[in-house]
Amino acid sequence: MALESWCYIVSKEISEDEIFNLIKQLYSDAPEETKTHGLPKNLNQSQKGWAKVEDNKIIYDLADNKDVVMIKAVEPVQLRINGSLITKQVSLELGDKVEWDIAVKPMYNLQVSDDKMYVYFHLISLERYSWNLIDKESTQSLVLEAEEDRNMVLESVTFSEILTEVGKMAITKNLKPTIIYQELRMPTFKPIVIAHGLEPTPSQDARLELFFSEKIEQNNYQDVGGTIDFRNHLRIPSAKMGDVIARKIPMVEGAVGYDVFGNIVKPSPPNDVIVVAKDHVMINEAGEVIAQKEGRPRMTGQKVKYFDINPSYVVTGDVDLEKGNIVFSGDIIIYGNVLDGMIIESMGNVYIMGSVYKATITATGSIIVSGNIVASSLYSGYFGVIFNRLYMNTKKLNDMLTGLIEGVRTLLTILEAKGKEVSFGQILMILVESKYKELTQTVVEILASVSNMQNINADEMTEFKTKIMALSSPLNIIKVDSINYILDIHQMIQEIYLSIERTQEGSVLIDIHQCHLSNLKSNGDALIRREGVLQSNVYAKGNIIFYGSDSVCRGSQLEAGGTISAMQVGGETGGECTLKAGKKIMFSRMSVGKVCIGKVCKTIDRPLEHMMVYFKNNGLAFEQHS
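Values in this document were obtained by computation on a predicted structure and should not be read as measured data.

### What about the overall build of the protein?
No. 1: Looking only at helices and strands, one finds 13 helices and 49 strands in the protein.
No. 2: In the protein, the share of contacts with a sequence separation of at least 24, taken over all contacts with a separation of at least 6, comes to 46%.
No. 3: Looking at the protein as shown, the accessible area adds up to about 33800 Å², and 50% of this sits on carbon and sulfur atoms.

And the structure:
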């Protein structure tokens, strides 16, 4: 019957007869067995039928079809009626053949572990006994129950039987029959190991021992002869010629093992570490990385580890329009300020003794500033790579050249098939002007970056500058006479942006005293030493830590992949802040603002002091901390 019809009927006033007819319709298609043994008859009629248990037999009597006698069994008794196993209470019918037996459970189990390294023996019972039905008086609702007859043992578990079963399993390694025998004599009835394989000896991955610190540590300022010794203050790691700066510990293959069936089990292969020596570094046969000159040792790269000794470019005064922007393949140390509109790009660390005003600083390593940062952008590590102008423009040019080369080849093939002759430079210029209009401007920007490079080996860029000039204007492009010339430029471009990628250092930070109206992105930690952060955005893949007890965060957005540890957050009359962390947030005082752990956020609308915020039970937990 459709659900709509049922809902319609029950919503109206109907008689008992109609309801009864409806029930008959609902069950009219029920299986024969269900009609016979599943639905009881009218129990309100006078009953004469009965059933009982006597001498392990089930006896029943039904005077006529109107009598109802219910029967069910309690484990381990199994009830069968007319040969079918019955698992619930049913009514008996005239002529039913009623039988019973006992559900036989195993007396023990033998099991091999999923990794085939162990065989377990679990003794459940030493002996199996006969069962008897418990006698029951005549009743209209009979429940079958049974009890063990401890005087009649049907079978026993024997030592030889178990060994025979183990033999059938083809267990060949490290079988312990004495353990089986002991369990039979003094049963624990718990799973025990009776055979085992040999686990393979794990392989050892190759690893690196570093003999220099990747982090820059702060010391107190030291006035030496009226000037501050900036290098000693920061304790920049340094190596002398001949120093061992790292050592590669080779990988070791593990030893094979075997399972309980005698099959060989191999260990997981070890992972190697690829070590490459760059400029001013050598690697000897013992795997030692040795400095070939004095400077800051560093390790870069992800899957491949590159070692080199980083050179330093030192600016004794301010970086201004007179000095120009600085691009250097190494560390940059500035003893003055970085002034309005200037750009500092380092393939290493940047150390600034003064302040930074309306400038951009990118470093594939760390950035340390001792003065103020105003209306500036600082990018370190990964962000120092992707915001590096030379990197951005060479990668952009690489993508354009890839498409340009493919287009040139296609056009040459078509023209050749048609027997047309057009100069290579003309084809190149047409493609640039129609599909790659940004190419010449990108080349000009690359040349500008290269011209600002302050590099001891700047002469190495001469060939590159000469070649790339051919793509700087339409007049130069039309003079290009072969695709090989473009292929050479393409290869040089790839080498430049990949070499910048490889200078990204692993353990980086941005370390400042204060910033205002600025944007900071660190691939490691962001450390704020003194006054604090005002109307700025600070992102750190690691942690953001404020050190001074009076350090403030006002009108700013802080986001850290790890922990934010702040002091004075927000103000009584405004300066709301948003603090978002991956793990937890701690602060000494927060007036108003918002805190987020992952995607779960909560607005702070009243001052809180000495709080730790973390994720718990699908929400944010606030806990007092000292």
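### Notes on unusual backbone geometry
No. 1: Cis rather than trans, the peptide bond between glutamate 75 and proline 76 has omega equal to 5°.
No. 2: Along the chain, proline 76 falls in the loop between β3 (70–73) and β4 (77–81).
No. 3: Backbone geometry at asparagine 56 places phi at a positive 65°, although glycine is not the residue there.
No. 4: Topologically, asparagine 56 is positioned in the loop between β1 (50–54) and β2 (57–61).
No. 5: Overall, asparagine 56 belongs to the partly exposed group, its relative accessible area being 30%.
No. 6: The backbone of lysine 116 sits at a positive phi, close to 65°, despite the residue not being glycine.
No. 7: One can find lysine 116 in the loop between β8 (108–112) and β9 (118–123).

### A word on the state of the cysteines
No. 1: For the structure on display, the rule yields one disulfide.
No. 2: In this model cysteine 596 forms its disulfide with cysteine 601; the gap between the sulfur atoms is 2.1 Å. Between cysteine 596 and cysteine 601 the disulfide shows an S-S torsion of about 110°. By sign, it is right-handed.
No. 3: On the basis of relative accessibility, which here comes to 3%, the residue cysteine 596 falls in the buried class.
No. 4: Free cysteine: cysteine 515, not disulfide-bonded; nearest cysteine sulfur from cysteine 553 at 8.8 Å.
No. 5: Under the relative-accessibility criterion, cysteine 515 is labelled buried at 2%.
No. 6: The thiol of cysteine 577 is not disulfide-bonded; the next cysteine sulfur, from cysteine 553, is found 3.4 Å away.

### Observations regarding helix α13 (residues 483–501)
No. 1: When the terminal C-alpha atoms of α13 are compared, their 27 Å separation across 19 residues agrees well with the 27 Å that a helix rising 1.5 Å per residue should span.
No. 2: Among the residues of α13, those classed as buried are Ile483, Ile486, Ile489, His490, Met492, Ile493, Ile496, Tyr497 and Ile500.
No. 3: Check the buried side of α13 and you find it contacts α7 (382–386), α8 (389–417), α9 (424–435), α10 (439–451) and α11 (462–468).

### Regarding the nonpolar core
A general feature of soluble globular proteins is that nonpolar side chains tend to end up buried together.
No. 1: Membership of the largest hydrophobic core comes to 50 residues, with the highest contact counts inside it found for Val338 and Ile544.
No. 2: The element best represented in this core is strand β43 (residues 563–569), accounting for four residues.
No. 3: In this structure valine 338 touches Val319, Ile344, Ile352, Ser355, Val356, Tyr357, Ala359 and Ile361, once residues within four positions along its chain are discounted.
No. 4: Residues Ile427, Val443, Ile468 and Ile493 belong to the second largest nonpolar core, which totals 39 residues.

What counts, and at which threshold
Residues numbered from 1 in each chain as written. Predicted model: local features only at pLDDT ≥ 70, side-chain atom pairs only at ≥ 80, totals over all residues. Heavy atoms only, no water. Helix = DSSP H or I, 4+ residues; strand = E, 2+ residues; numbered from the N terminus. Contact = heavy atoms within 4.5 Å. Areas by Shrake-Rupley, 256 points an atom, 1.4 Å probe, with all protein chains shown as cover. Buried < 20%, exposed > 50% of the residue type's maximum accessible area, 1.4 Å probe, protein only. Disulfide = S-S within 2.5 Å. Expected span 1.5 Å × (residues − 1). Core = buried A, V, L, I, M, F, W, Y, C linked by side-chain atoms within 4.5 Å.

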